[in-house]
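Chain and residue survey
Read off the chains here:
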Amino acid sequence: MSETSADPGTDRVEVVLTKAGRTKIRYPAEVVSDDGTVVTVRAPWAAAGVRDFGFVRFEPGDVFTEHYWRDRWYAVKEVRTSTGVLKGWYCDVTRPAVRAGTTLTVEDLDLDLWCSADGRTILRLDEDEFTASGLTASDPEAAAAALSALDTLESLARAGSPLSPPAV
């Protein structure tokens, strides 16, 4: 596939994260690259105020470099402070991403993984929400793909393998 990297600042998309058929959040992002398989975007923390998870705080000024695959069941978000200090990687288990024009749509399947910058904290998140979602009964193939994606992300993190693709 040919590289279709964008000129920074000129190619923008609206990232639309859906969950259970409803829009969870939407925000503008700058396209860093799109090679036909992976779409990489950069955006500031999109929510209002601070979100303290206990193991990491997302706050105004944080910058997310987000990698969305069209052929994988997850997205990886590299999180840095406003001064460029790496906080870690927040990984969402999702259906493969779809880019249509200036919209990048991703369906969240509840499962998440956090890996701190030093690799010492690796947490599987929201497994209770995944169970409660009923996906295992309503779409067993998607549920199996989601669980496999979470296992893959955790294995990569525990092996110290890069979660993000190489920088463009």
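Here, the structure is the one placed above.
This write-up is about the structure you can find in this document.

What follows is about the environment of Ile-122. With respect to the helices and strands, Ile-122 occurs in strand β11 (residues 122-125). For Ile-122, a relative accessible area of 11% gives the class buried. Taking the C-alpha atoms as reference, Ile-122 lies 26 Å from Ala-48; in sequence the two are 74 residues apart. Setting aside its immediate chain neighbours within four residues, Ile-122 contacts Leu-113, Trp-114, Cys-115, Glu-154, Ala-157 and Arg-158.

We now examine the pattern of salt bridges. By the definition in use, this model includes 19 salt bridges. Glu-14 is paired through a salt bridge with Arg-26; the nearest N and O atoms lie 3.1 Å apart. With Glu-14 in strand β1 (residues 12-19) and Arg-26 in strand β2 (residues 22-34), this pair connects stretches of sequence that are 12 residues apart. Given the relative accessible area of 29%, Glu-14 is considered partly exposed. Judged by its relative accessible area of 46%, Arg-26 falls in the partly exposed class. Between Asp-92 and Lys-77 there is a salt bridge, with the nearest N and O atoms lying 2.7 Å from each other. Remark: Lys-77 occurs in strand β7 (residues 74-80) and Asp-92 occurs in strand β8 (residues 86-94); sequence separation between them is 15 residues. Overall, the relative accessible area of 5% leaves Asp-92 in the buried class. Each of Asp-52, Arg-57, Glu-59, Asp-62 and Lys-87 takes part in salt bridges that share partners, so that together they form one network.

Right, let's get into the pairing of β2. As paired strands, β1 and β2 are joined by eight bridges and run antiparallel to one another. Bridge pairing in β2 links Leu-17 to Ile-25. Hairpin remark: β1 followed by β2, antiparallel, with two residues in the connecting loop; positive phi at Ala-20, about 55 degrees. Adjacent in sequence and paired antiparallel, β2 and strand β3 (residues 38-44) are bridged by three residues, among which Gly-36 carries a positive phi angle near 95 degrees.

Despite not being glycine, Ala-20 has its phi angle at roughly 55 degrees, a positive value. When you line up the elements, Ala-20 lands in the loop between β1 and β2. Phi is positive for Asp-126, which is not a glycine, with a value near 65 degrees. Among the structural elements, Asp-126 can be located in the loop between β11 and α1 (127-133). The exposure class assigned to Asp-126 is partly exposed, which follows from its relative accessible area of 24%.

With 19 residues, helix α3 (residues 140-158) should reach 27 Å at 1.5 Å per residue; the first-to-last C-alpha distance of 27 Å fits that figure. Listing the buried residues of α3 in full gives Ala-142, Ala-143, Ala-146, Ala-149, Leu-150, Leu-153, Glu-154 and Ala-157. Within α3, the buried residues cover an arc of 130 degrees as seen down the axis, which keeps them to one side. Away from its buried face by more than 90 degrees, α3 exposes Pro-140, Glu-141 and Arg-158. For α3, the elements touching its buried residues are β7, β8, β10 (103-116), β11, α1 and α2 (135-138). Backbone geometry just after α3 places Gly-160 at a positive phi near 75 degrees.

Rules of the game
- Residues numbered from 1 in each chain as written.
- Predicted model: local features only at pLDDT ≥ 70, side-chain atom pairs only at ≥ 80, totals over all residues.
- Heavy atoms only, no water.
- Helix = DSSP H or I, 4+ residues; strand = E, 2+ residues; numbered from the N terminus.
- Buried < 20%, exposed > 50% of the residue type's maximum accessible area, 1.4 Å probe, protein only.
- Contact = heavy atoms within 4.5 Å.
- Salt bridge = Lys/Arg side-chain N within 4 Å of Asp/Glu carboxyl O.
- Pairing = 2+ DSSP bridges.
- Expected span 1.5 Å × (residues − 1).
- Arc of directions from axis to C-beta.

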